[in-house]
Amino acid sequence: MKILDQYILKRFLYNFFSSFFILIVIFIFQGIWLFIDDLAGKGLGIVIIAKFIFYFIPTLIDKVLPLTVLLSSILTFGTFAENYEFAAMKASGISLQRGMRSLIVFVLFLGVVTFFFANNVIPKSEQKMFNLRRNIAKVKPAAAITEGVFSDFEGTGAGMNIKVDKKYGEQDRFLDNVIIHRKTDQNINNTVIKAKSGELISSEESDIIQLVLKDGNYYEELVSKDPKEQRKKPFAKADFKTYTINIDISELNDQDMEEDQNITTNKMKNVSRLIKDIDSLRENNLEKVEAFSKNIVNRMGAFPILPKKNLQKAESPKLELIQTEEQKKKEIQKDSIKDIEGLLDHLEEWQRLQVVKNAKNSVSGIMSTVTAKKDELQSRYKFYNSHILSLHQKYALALSCIILFFVGAPLGAIIRKGGLGLPMVIAIVLFLTYYFIGVFAGNYAKEGNIHPAIGAWLSTLIMLPLGVSLTKRATADKGLFGFGHIFDRIKSIFKKKKKDSEE
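Residues numbered from 1 in each chain as written. Predicted model: local features only at pLDDT ≥ 70, side-chain atom pairs only at ≥ 80, totals over all residues. Heavy atoms only, no water.

1. Topic: the overall build of the chain
When its secondary structure is counted, the chain shows 17 helices and seven strands. Classification of the 503 residues of the chain by burial places 34% in the buried group. Considering only intrachain contacts with a sequence separation of at least 6, the fraction spanning at least 24 residues in the chain is 69%. When the accessible surface of the chain is split by element, carbon and sulfur atoms take 59% of a total near 31900 Å². (Helix = DSSP H or I, 4+ residues; strand = E, 2+ residues; numbered from the N terminus. Buried < 20%, exposed > 50% of the residue type's maximum accessible area, 1.4 Å probe, protein only. Contact = heavy atoms within 4.5 Å. Areas by Shrake-Rupley, 256 points an atom, 1.4 Å probe, with all protein chains shown as cover.)

Following this line, the structure appears as structure tokens:
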């Protein structure tokens, strides 16, 4: 490697790692606020919090790394142009592309490393962080109560959600305005308990946490076997001065903080797993749609299957031709009804009402079924689209680092400014444009408005022509906005008109 390549690469790496460290710290503090309820006031050790942050850092790579490449390239080449180092290179016959050669090799290597992170490290990190959050809530069920929101007692077997307006006292054991929703085995909230105050009583030796409620009401929906009674929505109601709920936490004593649960979301899957799941999801969705279509067609009776001809008739075609005059008249009478009005005219009034009512109920039932199935299929296809989107985003992230380098490097050479002032502003504006286009395109892709592949690649493809244009302008020593030729063209038109008028 030549001295010039080493010099340019060292300057770029210095700006790259400095920018990466600063941005990762900023994004960590910004992200911690999203999970502050999971960490603050739980009595967690510093090791658990450090593990959570360690698992959280790789999930920021898709935001931090493209911005780092963009900012460091603008800083590096902006400083070169500001200090007339580029002028010295060009005077020596070294073009912009030649000066970028060592960095192009580094950025290509960075793209490969980024894809490795997106395919292996980030999915594993998402899974670890998700499971750690679940296990924290299981180990600390008493501390899982958050003021103002419903909190789950996961893993306790209690099957309930609890909401309190205020916690106070020693270890926040006293509660104000308690609302509890109890769940059935089918995970349905059928019991509501409200109390003005409550108290959590526990000890280190006991596997039972007592929740003592005072001055409240108890409501429970009753399930009746009689459909007529069930339409009345029966329920039981009781008042109480003191009501005690025992919560068994014996299952949580040996809870492993590093226990891995099943992989449930597309963010926790690598490329091979995504491809496999996409195929299975597509086949499953098609089967659901075909089965539902056949069911609706059968219920409507709109496309009846014609009966097969009798073998005897097929073997003896002469028998089909022998028909009596009475049979022909009957067939003519049957075919004489050609529309709904004709059918209703042949019926009695009470029969008409009955037919119309049955038809209306049948259509209403079919429409309700179609609406419910539509929502189910939309959620299924949204889940399917999110898998395709995640698959393409892994490739798009690696390529975006390369493209944003070709945006930032010539842009720095054009603006000719180093430091963290103007380059930082330009880098943030460009990155926000790139990021929000990706977010909006991703949301549209999940809803099925555009293809998921387009949603994943749109922001990167928009930056591609910008990078090509800026590289051409920087190579030709043109400014950021080339309006000079437009003004020259306008001047030439006016000069021509003036000359014609003088003649």
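Here the narrative resumes, following the displayed structure.
2. Focus on the side chain of Asn285
Within the secondary structure, Asn285 is located in helix H9 (residues 271–300). Not counting the four nearest positions on each side in its chain, Asn285 is found in contact with Arg380, Tyr381 and Tyr384.

3. Thoughts on the environment of Thr68
Among the secondary structure elements, Thr68 is positioned in helix H4 (residues 61–82). What makes Thr68 buried here is its relative accessible area of 0%. It is 9.2 Å that separates the C-alpha atoms of Thr68 and Phe21, two residues lying 47 residues apart in sequence. The residues touching Thr68, leaving out its near neighbours within four places in the chain, are Phe16, Ser19, Phe20 and Leu23.

4. As for the pattern of salt bridges
Counting across every chain of the model gives nine salt bridges. Close ionic contact of Glu447 with Lys382 constitutes a salt bridge, the shortest N to O distance being 3.2 Å. Of this pair, Glu447 sits in the loop between helix H15 (422–446) and helix H16 (452–475) while Lys382 sits in helix H14 (residues 349–415), and the two are 65 residues apart along the sequence. On the accessibility criterion, Glu447 (53% relative accessible area) is exposed. (Salt bridge = Lys/Arg side-chain N within 4 Å of Asp/Glu carboxyl O.)

5. Let's talk about H14
Over its 67 residues, H14 runs only 86 Å from end to end, short of the ideal 99 Å by more than 12%, given 1.5 Å per residue. If you look at H14, its biggest bend is around 25°, right at Ser400. (Expected span 1.5 Å × (residues − 1). Bend = angle between axes of the 7 residues up to and from the residue.)

6. Topic: the nonpolar core
If you look at the biggest cluster of nonpolar residues, it comprises 56 residues, and the most contacted ones within it are Leu70, Phe77, Phe86 and Phe405. Apart from the residues within four sequence positions on either side, Phe86 is in contact with Phe77, Phe80, Ala81, Leu96 and Ala413. Residues Leu175, Leu211, Leu213 and Phe240 belong to the second largest nonpolar core, which totals 17 residues. (Core = buried A, V, L, I, M, F, W, Y, C linked by side-chain atoms within 4.5 Å.)

7. Details of unusual backbone geometry
Positive phi, normally seen in glycine, also occurs at Asn177, with a value near 50°. Looking at the element boundaries, Asn177 is found in strand S4 (residues 174–183). The exposure class of Asn177 is partly exposed, given its relative accessible area of 39%. In this model, Asp215 sits at a positive phi of 55°, which is unusual for a non-glycine residue. Relative to the helices and strands, Asp215 resides in strand S6 (residues 208–221).

8. A short note on the packing of aromatic side chains
Any pair of aromatic rings gets described here by the distance separating the centres and the angle formed by the planes. If you walk through the whole model with that rule in mind, you get 19 aromatic pairs. Among the aromatic side chains, those forming a connected cluster through ring pairs are Tyr7, Phe12, Phe16, Phe17, Phe77, Phe80, Phe106, Phe405 and Phe406. (Phe/Tyr/Trp six-rings, centres within 6.5 Å; stacked < 30°, edge-to-face > 60°.)

9. Some points on the environment of Val164
Structurally, Val164 can be placed in the loop between strand S2 (160–163) and strand S3 (166–168). Val164 sits 14 residues away from Phe150 along the chain, and the two C-alpha atoms are 7.9 Å apart.

10. Details of the confidence of the model for the chain
Reading fine detail from the predicted coordinates is not recommended where pLDDT is low. Of all residues in the chain, 71% have pLDDT values of 70 or greater, and the mean over the chain is 76. When the criterion is pLDDT under 50, residues 311–316 qualifies, and its contacts beyond four places in sequence or with other chains add up to three contacts. (pLDDT = per-residue confidence, 0-100.)

11. Digging into the packing of helix H1 (residues 3–32) against H4
Two elements in contact, H1 and H4, have axes separated by 8 Å at closest approach and are oriented at 140°. Comparing the axis directions of H1 and H4 gives the class oblique. As H1 packs across H4, the resulting crossing turns out to be right-handed. Residue classes in the contact of H1 with H4 are distributed as 16 nonpolar, seven polar and two charged. (Axes fitted to C-alpha atoms, helices over the stretch in contact; angles between N-to-C directions. Parallel < 35°, antiparallel > 145°, perpendicular 65-115°, else oblique. Left-handed = near helix turned anticlockwise from the far one by under 90°. Nonpolar A, V, L, I, M, F, W, Y, C, P; charged D, E, K, R; others polar.)

12. Here's the deal with the pairing of S4
It is a general feature of regular strands that their side chains alternate between the two faces of the sheet. In this sheet, S4 lies alongside S2 in antiparallel orientation, the contact comprising four bridges. Note on S4: the bridge partner recorded for Ile162 is Ile180. Inspection of the sheet shows S4 paired to strand S5 (residues 189–201) by nine bridges, in the antiparallel sense. Each residue of the ladder has a partner; that of Lys183, found in S5, is Asn189. (Pairing = 2+ DSSP bridges.)

13. Topic: H16
Its 24 residues give H16 an end-to-end C-alpha distance of 36 Å, which sits within 8% of 34 Å, the value for a rise of 1.5 Å per residue. Of all the bends in H16, the greatest, near 45°, is centred on Leu458. If you follow the buried residues of H16, they end up packed against helix H5 (85–91), helix H6 (96–99), H14 and H15.

14. Description of the side chain of Ser73
Here Ser73 shows up in helix H4. A polar contact of 2.8 Å, which involves the side chain of Ser73, links it to the backbone oxygen of Val69. Excluding anything up to four places from it in sequence, Ser73 contacts Phe12, Gly78, Leu404, Phe405, Gly408 and Ala409. (Polar contact = N/O pair within 3.5 Å; in protein donor to acceptor, adjacent residues only side chain to side chain.)

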